[in-house]
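Report on the structure
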Amino acid sequence: MGFARTCSVALVGVEGVVVEVQADLEPGVAAFTLVGLPDKSLSESRDRVRAAIVNSGAEWPQKKLTVGLSPASVPKGGSGFDLAVACAVLSAAERVDPRAIADLMMVGELGLDGRVRPVRGILPAVLAAADAGYRQVVVPECSAAEAKLVPGVSVLGVRSLRQLIAVLTDEPVPEEEPVEAGRPDPLLAGLTVPGVGAGLSYDGHAPDLAEVAGQRRARRALEVAAAGRHHVFLLGPPGAGKTLLAERLPGLLPSLTSEESLEVTAVHSVAGTLPAGQPLIDRPPYCAPHHSASMAALIGGGSGLPRPGAVSLAHRGVLFLDEAPECSPRVLDALRQPLESGQVVVARTGGVMRLPARFLLALAANPCPCGRHGIGGDGCECPPSTVRRYQARLSGPLLDRVDLRVTVEPVARTELTAATGPAESTAEVAVRVRAARERAAARLADTPWRTNSDVPGHELRTRWRPEPEALAEAERDMERGLLTARGLDRVLRVAWTLADLSGRARPGAEEVRHALELRTGVRRGAVVAGALL
């Protein structure tokens, strides 16, 4: 009787669960049984593993073979267990020393010819193995760079099962034929998922704020949103530049920290949206799903175990919903929970999953179906009831979670054709945003929060109070029912961001008045930090 074990990882969302892969050989009729709650793709690994072992020059054991995946209560799926199963079988058959694989973690799919193909979720799998104490991992060669992002782990990248057998048995490692220059690598086929809307391709040209004509108020709102990570709602007629502005918001955000980069990369690795040749995402992502996106596409879900949705793909970045009133009201209201908690919990028959979803939400909408409501000229032909129904598609509870509401006015001909120099560029505004973020981070250094939007309202009212009488106008709005308790807290957060942008120690009456205008969209004639509102 032969027995061997090694380790692999089952992914539950963007978190990994270490799985022990055990192989047992007993005398009897040759058979291959796989147990441990595998799904269909994992059950098919029996045929892939058998063909890969034979085509790698090893002998398939003609005995009763049982492979167990423990713990058996955790659902397991995908083809990433192939490599661990093959090595466990070879060790049980005494082709490989069982002690050589006992402390290894292996992730990889096997082709029928023995080549090791990459799978999604390498980074979270290696992170889970490192947390469990494993210090040696074996992954596909083309995924080694992603696995090496985890510190303290020794990574072995292999291109074929033959190479791994040679390494484990101290034999000469055979050379695999390299892919000819100019030909696609078949190992990478199907690794990334096209059309998931994980971001925009700018063909090497990042959109610049200097390309936006006019829109001083909207530009200022974007700067405030980026400095404090405040959600923003852009309301205006077609062609005013709402999408143009939203596409430039990610460029204002600071680069991700090392910890944030690993979080974002793990999500995109599981979703299969990592850019080619870029194992680490160090810039805030930008996700702009179509307004017809379903609940599963936006929040996460799918058959069996859920997959990350747009809110998770935009984690630590920007989620832009253009034509927001055209989205399903049920889908829009599902954003309320992740906007508050920074995560989304998805329950399905295959299990319950927690996915990160701390994003900056940017909404854009027309004032009515025809888009001309409130504009001079031909005017709007929509009946008042139609306008009300259209605007009511964005529910009050959702808009109550949006800090900044800006009316994007149509750009005048003089602004488009003016001979003046270009407006401020993204780089210039990003410098002020970064300075404001640093002031906020220094103030919140001994707390679990890093941006003003994260600070609870109780702390803002007791620990970090504004100047005396600064909240007088906000309190009057609250007494009139124009502002909710949550709205007051969000006004305070925006006021602190305005103070950080202007370099003030704490917000005064002008910052609170400016924050109220950004909150309600009603102009109050304040002048803050040199910007005429």
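Just above sits the structure.
Residues numbered from 1 in each chain as written. Predicted model: local features only at pLDDT ≥ 70, side-chain atom pairs only at ≥ 80, totals over all residues. Heavy atoms only, no water.

A few words now on unusual backbone geometry. Across the junction of serine 70 and proline 71, the peptide omega takes the value 10°, indicating a cis bond. Mapped onto the elements of the fold, proline 71 is located in the loop between strand E4 (64–70) and helix H3 (82–92). Non-glycine residue arginine 229 carries a positive phi angle of around 60°. Summarising the element assignment, arginine 229 is placed in the loop between helix H8 (216–228) and strand E10 (232–235). (Helix = DSSP H or I, 4+ residues; strand = E, 2+ residues; numbered from the N terminus.)

Applying the stated criterion across every chain yields a total of two aromatic pairs. Each ring, one from phenylalanine 32 and one from tryptophan 60, has its centre 5.6 Å from the other, and the planes form 45°; the classification is tilted. In this pair, phenylalanine 32 sits in strand E3 (residues 31–35) while tryptophan 60 sits in the loop between helix H2 (45–55) and E4, placing the two residues 28 residues apart along the sequence. The class of phenylalanine 32 is buried, set by a relative accessible area of 9%. For tryptophan 60, a relative accessible area of 12% puts it in the buried group. (Phe/Tyr/Trp six-rings, centres within 6.5 Å; stacked < 30°, edge-to-face > 60°. Buried < 20%, exposed > 50% of the residue type's maximum accessible area, 1.4 Å probe, protein only.)

With six of its six residues buried, strand E17 (residues 360–365) lies for the most part within the structure. Residues Leu360, Ala362 and Ala364 point to one face of E17 and Leu361, Leu363 and Ala365 to the other, with burial holding for every one of them. As judged from the four bridges shared by E10 and E17, these two strands associate in the parallel manner. By the bridge assignment, leucine 235 is partnered in E17 with alanine 365. Of the pairings in the sheet, the one linking strand E14 (residues 318–321) to E17 comprises four bridges and is parallel in character. Bridged to leucine 319 within E17 is leucine 361. (Pairing = 2+ DSSP bridges.)

The next point concerns the sheet that holds strand E11 (residues 286–287). Strand order in the open sheet made by the five strands is E11-E14-E17-E10-E18, with parallel pairing throughout. In this open sheet, the two strands that pair with only one neighbour each are E11 and strand E18 (404–407). With four bridges joining them, E10 and E18 adopt parallel strand pairing. Note that in E18 the partner of valine 232 across the bridge is leucine 404. Seen against the sheet, H8 touches E10, E17 and E18 and runs at an angle of roughly 165° to E18. (Contact = heavy atoms within 4.5 Å. Axes fitted to C-alpha atoms, helices over the stretch in contact; angles between N-to-C directions.)

A few words on the nonpolar core. Ranked by size, the top nonpolar core spans 50 residues in total, and within it Leu245, Leu249 and Val512 carry the most contacts. Each residue touching leucine 245, except ones within four places of it in the same chain, is listed here: Leu209, Val212, Ala218, Arg219, Leu222, Leu234 and Val408. (Core = buried A, V, L, I, M, F, W, Y, C linked by side-chain atoms within 4.5 Å.)

As for its placement among the helices and strands, alanine 240 is situated in the loop between E10 and helix H9 (242–247). Since its relative accessible area comes to 4%, alanine 240 is described here as buried. Distance in space between the C-alpha atoms of alanine 240 and threonine 407 is 9.8 Å, their sequence separation being 167 residues. Ignoring sequence-local partners within four residues, the contact set of alanine 240 consists of Gln215, Val408, Glu409, Pro410 and Val411.

The N-to-C vectors of helix H21 (residues 485–502) and helix H22 (residues 509–520) enclose an angle of 125°; their axes lie 8 Å apart at closest approach. Classified by the angle between their axes, H21 and H22 sit oblique to one another. Of the two possible hands of crossing, H21 and H22 adopt the one that is right-handed. Note on element contacts: H22 touches H21 through Glu511, Val512, His514, Ala515, Leu516, Leu518 and Arg519, opposite Gly487, Arg490, Val491, Val494, Ala495, Leu498, Ala499 and Ser502. (Parallel < 35°, antiparallel > 145°, perpendicular 65-115°, else oblique. Left-handed = near helix turned anticlockwise from the far one by under 90°.)

At a minimum axis separation of 8 Å, H8 and helix H18 (residues 426–443) run at an interaxial angle of 35°. As for how H8 packs across H18, the hand of that crossing is right-handed. For the pair formed by H8 and H18, the contact residues are Glu223, Ala226, Ala227 and Gly228 on the first element and Val429, Arg432, Val433, Ala436 and Arg437 on the second. Partitioned by chemical class, the residues of the contact of H8 with H18 number five nonpolar, one polar and three charged. (Nonpolar A, V, L, I, M, F, W, Y, C, P; charged D, E, K, R; others polar.)

Another aspect to go through is the environment of arginine 504. Topologically, arginine 504 is positioned in the loop between H21 and H22. Distance from arginine 504 to arginine 439, taken between C-alpha atoms, is 9.8 Å for residues 65 residues apart in sequence. Those residues in contact with arginine 504, other than ones at most four positions away along the chain, are Glu467, Ala499 and Glu511. A polar side-chain atom of arginine 504 sits 2.7 Å from a polar atom in the side chain of glutamate 467. (Polar contact = N/O pair within 3.5 Å; in protein donor to acceptor, adjacent residues only side chain to side chain.)

This brings us to the pattern of salt bridges. By the definition in use, this model includes 31 salt bridges. Aspartate 454 is paired through a salt bridge with arginine 229; the nearest N and O atoms lie 2.9 Å apart. Here aspartate 454, found in the loop between H18 and helix H19 (457–462), pairs with arginine 229, found in the loop between H8 and E10; they are 225 residues apart in sequence, far enough to count as distant. Taking the relative accessible area as the measure of exposure, aspartate 454 reaches 22% and is therefore partly exposed. Between arginine 519 and aspartate 400 there is a salt bridge whose closest N-O contact spans 2.5 Å. With arginine 519 in helix H22 and aspartate 400 in the loop between helix H16 (396–399) and E18, this residue pair connects regions lying 119 residues apart in the sequence. By relative accessible area, which is 13% here, aspartate 400 ends up buried. Through salt bridges with shared partners, a single network forms among Glu340, Asp400, Arg401, Asp403, Arg486, Arg490 and Arg519. (Salt bridge = Lys/Arg side-chain N within 4 Å of Asp/Glu carboxyl O.)

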